[in-house]
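# Coordinate inspection notes
So you can see what is in the structure, the chains are spelled out below.
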Amino acid sequence: MSASSFGYPLIDLIDRLSAQPVCIAVRRGLIIVLPLVLVGAFMIMLANIPYEPAQLAIDRALGPTWRQVCKNLIDGTFSIASLALLCAIGGVSAAHANQKRQTPYVSPIMMATVTLSCFFVLIAPLKSGIGDTAFSLSSGLLLAMCIALATSSIFLRLSRCSWLHLPVEMAGNDPVARDVFTLIPASIITILFFGLIRAALVALDMANLHELSERILVHPFSKGGDSLGFGVLYSMASQVLWFFGAHGPNMLFAVENDILIPAALTNMNAIASGTAPPFIFTKMFFDAYTRMGGSGCTLALCLAIFLRGKDRGVKKLCLFALLPTLCNVNEPLLFGIPLVLNPVYFIPFILVPAVQTVIAYTATVTGFIPPTSTDIAWTTPALMSGYIVSGSINGPILQAVNLLVGLLIYMPFVVISDAIREKRSKQVMQNLFTAANGGGVSDNRKCLGQPGEVGRLANALAGDLTRALDEPGQIYLVYQPQFNNETGRVTGVEALLRWNHPAYGNIAPPITVALAEDTGNIDRLGRFVLEEACRRRAAWSGFVDADMIMCINVSPVQLQNPKFSGYVWNALSDASLKPGQLELEITESSMIKPESSALEMLRSLHTDGIRVAIDDFGMGYASLRYLRAFPVSTVKIDRSLTEHIDNNINQQIVRSVLELNQSLGISTVVEGVENRKQLNSFTSMGFSTFQGYFFSRPLCAKACLAYINANRG
Ligand code: C2E
Ligand code: CA
Ligand code: CA
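Keep in mind that this is a model prediction, so the values were computed, not measured.

Between any two of four tetrahedral donors, the ideal angle at the metal is 109.5 degrees; between two of six octahedral donors, it is 90 or 180 degrees. Taken together, the protein donors to the calcium ion (ligand 3) comprise Asp615 (OD), Asp616 (OD), Glu671 (OE) and Glu671 (OE), at separations of 2.1 to 2.8 Å. The sequence pattern formed by the donor residues of the calcium ion (ligand 3) is D-D-x54-E. Between the calcium ion (ligand 3) and the calcium ion (ligand 2) the interatomic distance comes to 4.0 Å, and Asp615 is a ligand of both metals. With a gap of 56 residues between them, Asp615 in strand S6 (residues 611-617) and Glu671 in the loop between strand S8 (667-670) and helix H32 (676-685) connect regions that are remote in the sequence. No difference in accessibility class separates Asp615 from Glu671, as the two residues are buried.

As a further point, take the site of ligand 1. Taken together, the neighbourhood of ligand 1 is formed by 21 residues, with Arg498, Asp615, Arg639, Glu674 and Tyr693 sitting nearest. Here an oxygen atom of ligand 1 and a side-chain polar atom of Asn553 are 3.0 Å apart. Glu674 places a polar side-chain atom, nitrogen or oxygen, 2.5 Å from a nitrogen atom of ligand 1. When ligand 1 sits alone it has 790 Å² of accessible area, and the protein chains cover 83% of it. Element by element, the count of residues in the shell around ligand 1 is highest for strand S2 (residues 489-501), at four residues. Of the residues contributing to the shell around ligand 1, the split by class is nine nonpolar, five polar and seven charged.

With respect to the element layout, Ser18 can be found in helix H1 (residues 9-18). A residue is classified by how much of its surface remains accessible, and Ser18, at 2% relative accessible area, is buried.

With numbering aligned to this structure, UniProt lists the feature "transmembrane region" (unreviewed entry) at residues 30-51, 72-93, 105-123, 135-156, 180-204, 225-244, 288-307 and 400-420. Helix makes up 84% of residues 105-123 and strand 0%. Its end C-alpha atoms lie 29 Å apart. Taken end to end, residues 135-156 is 95% helix and 0% strand, and its first and last C-alpha atoms sit 24 Å apart.

Another aspect to go through is the coordination of the calcium ion (ligand 2). The calcium ion (ligand 2) binds to the protein through Glu494 (OE), Asn553 (OD1), Glu585 (OE) and Asp615 (OD), with metal-donor distances spanning 2.1 to 2.3 Å. Donor residues for the calcium ion (ligand 2) sit on one chain with the sequence pattern E-x58-N-x31-E-x29-D. Judged by its relative accessible area of 3%, Glu494 is buried.

With twelve residues, helix H2 (residues 21-32) extends 16 Å from end C-alpha to end C-alpha; this agrees with the ideal 16 Å at 1.5 Å per step. Among all positions in H2, only Cys23, Ile24, Ala25, Val26, Arg27, Gly29 and Leu30 are buried. Its buried side turned inward, H2 meets H1, helix H3 (34-47), helix H6 (81-100), helix H9 (137-159), helix H19 (331-336) and helix H22 (394-436).

The side chains of a regular strand alternate between the sheet's two faces. When you tally the buried positions in strand S5 (residues 582-587), you get five out of six residues, the bulk of the element. Note that strand S4 (residues 549-554) and S5 share five bridges and pair parallel. Bridge pairing links Asn553 to Glu585 in S5.

In this section: the domain arrangement of the protein chain. One can read the domain layout of the protein chain as domain 1 (10-215), domain 2 (221-421) and domain 3 (453-710). Computed over C-alpha atoms only, the centres of domain 1 and domain 3 are separated by 53 Å.

What counts as what
Residues numbered from 1 in each chain as written. Chains lettered and ligands numbered in written order. Predicted model: local features only at pLDDT ≥ 70, side-chain atom pairs only at ≥ 80, totals over all residues. Heavy atoms only, no water. Donors = N, O, S within 2.8 Å, 3.2 Å for Na, K, Ca; no water. Helix = DSSP H or I, 4+ residues; strand = E, 2+ residues; numbered from the N terminus. Buried < 20%, exposed > 50% of the residue type's maximum accessible area, 1.4 Å probe, protein only. Near = heavy atom within 4 Å. Polar contact = N/O pair within 3.5 Å; in protein donor to acceptor, adjacent residues only side chain to side chain. Areas by Shrake-Rupley, 256 points an atom, 1.4 Å probe, with all protein chains shown as cover. Nonpolar A, V, L, I, M, F, W, Y, C, P; charged D, E, K, R; others polar. UniProt positions renumbered as here; feature names shortened; annotations may be inferred. Expected span 1.5 Å × (residues − 1). Contact = heavy atoms within 4.5 Å. Pairing = 2+ DSSP bridges. Domains from an automatic or database assignment.

Dropping the structure here:
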């Protein structure tokens, strides 16, 4: 199984599909408009509370204006959500192209503006009123999405043609104006292209795209009927539309209006006149038995995520969306997870309501529940709605069965979704790790200046790090023993930083350190490490050898602060430690220049008895020459040398380092010893102090003390 595959063709296909730029643009666009959707969903739920006395009580308590305000809030959110989504998709597509650097820089705001313009050119209101539906979440979403994706792809394609770029001198020296000027021809051509399409549609008498699409969609149902095939087809068609972002039941309103509502009325009349209700498929049938939590039976999905989901963010979203979902308003989930254009959930999203339709149909045909003949508000919560439409406990029982079936179908896909998400987030984290170990992109920032997902993750983590430094618990130290196999004793321990992030788990220390450097928090972080390690060493006094040293890692950026040596002396005196009990490990790097103030400070600390180690010797800038310039007590041979000690050249390097160290009175520690073979190679060359998993992994303080005491020669 390759690193980028799951080994299951279907999951790999889903993974590849969901990584397509179109899917990414829609997914992010939907998430950007989520605030509007959440407000809208809560307002719709409030305005439609399925219990009349509660509505009257709210009316009495809040006065007549609240309904108007509620409507304004819905108008300002749901009713323009498609418009907002259009701009979001445009902006996101531009940002994505910028990240891939396939085009000259495309301003995301400019892209959004062009998209908006094309939208109006193509479906500009013919007469008042039509524009409103085109903007709204319930009817405008699909077309808005198609137009946004088409505009972005045409515009980005055109912007790649250098012969279409205007000469930059025309824009003067304002960088924003230059970006925009370059792409003005591309923008104009894109907008005019949509003008042409519009002209063609008008000429063909197809100008009202909304009406046209609805007419096409409803055609297969025009024959009507009350067969199982009709029911399954209707519920699946509605879901497929939802999957592509169109409000299924609304798009198929004609089916509801011409078939399902009349069927419901006939059933009600039949009951009133004492005859058997003739229809199985009514509006209430679908509302009560296949749309619990809204289309797609998202209540089952919510439950599946609570039971099997691992992603804390998604779980939180579900918790947030639970109340609207209970009232069958599912937009927060459709947009938040999202379900729209998300290949992971395509199968269950379509399958669940279809299977539930079959089960509820069978239950009706076999007489387990009567045909539906009682009108209910669509916001009535599951189980309650079942009781009302069936008039008996059998309704809720059927709903519970349907929920269970939905849950079982959704569950494996929740697991797949988590696996895909985890894989992606691991990849981004790996890229951030590479960036943290790199040289820095803009103004020497290693992580925060990164483009795309990596930069976004870095930004999020940077904020979390600042908070984590304020509250104890997330950031702590572990200790890895350094073992002398001649004496059989532990001669020192290296304090290693750990950050247990509540959502991402353990963050690699180089990332934490680079983020702290980028955000100007390195002093706080460095002092925490210094003080905590000194306190720990002091607490061990009396239990370990007096000359056992505590080693801490110091980033070159910390040394640029002239106050650093003051911090060191304070930490030592607060813990009543001797200078020789502390070792500062410095990774030799280009940052500590000969004759710099940092080197001067290290020299003076070393002269006053504090030990200094060169870390990761053998990689990067290390050279034997370096040893002479540096005030050194210890050299730590890097793991990369240890790993490849079979190599002849490496053996020669290591031998000459040892010889030089012995002649200069410098200690040597071999890092990253993982097996006996490596240990034997180094021992035979004359090395005696080792650190690595072969002896011990980094341990918590208590376990480390126990290890030290268990190894007393
Ligand atoms: P380092 O200073 O070279 O620390 C040794 C790293 O090697 C540690 O990784 C340790 O867990 C790992 N290690 C030890 N023995 C073995 C082994 O046998 N095999 C393998 N594969 N790995 C081994 P860790 O804790 O992830 O730290 C990574 C780096 O992060 C450190 O490398 C150090 O450069 C930096 N770092 C850690 N803590 C701090 C800190 O408090 N301050 C600063 N500035 N940097 C830190
Ligand atoms: Ca180190
Ligand atoms: Ca090292």
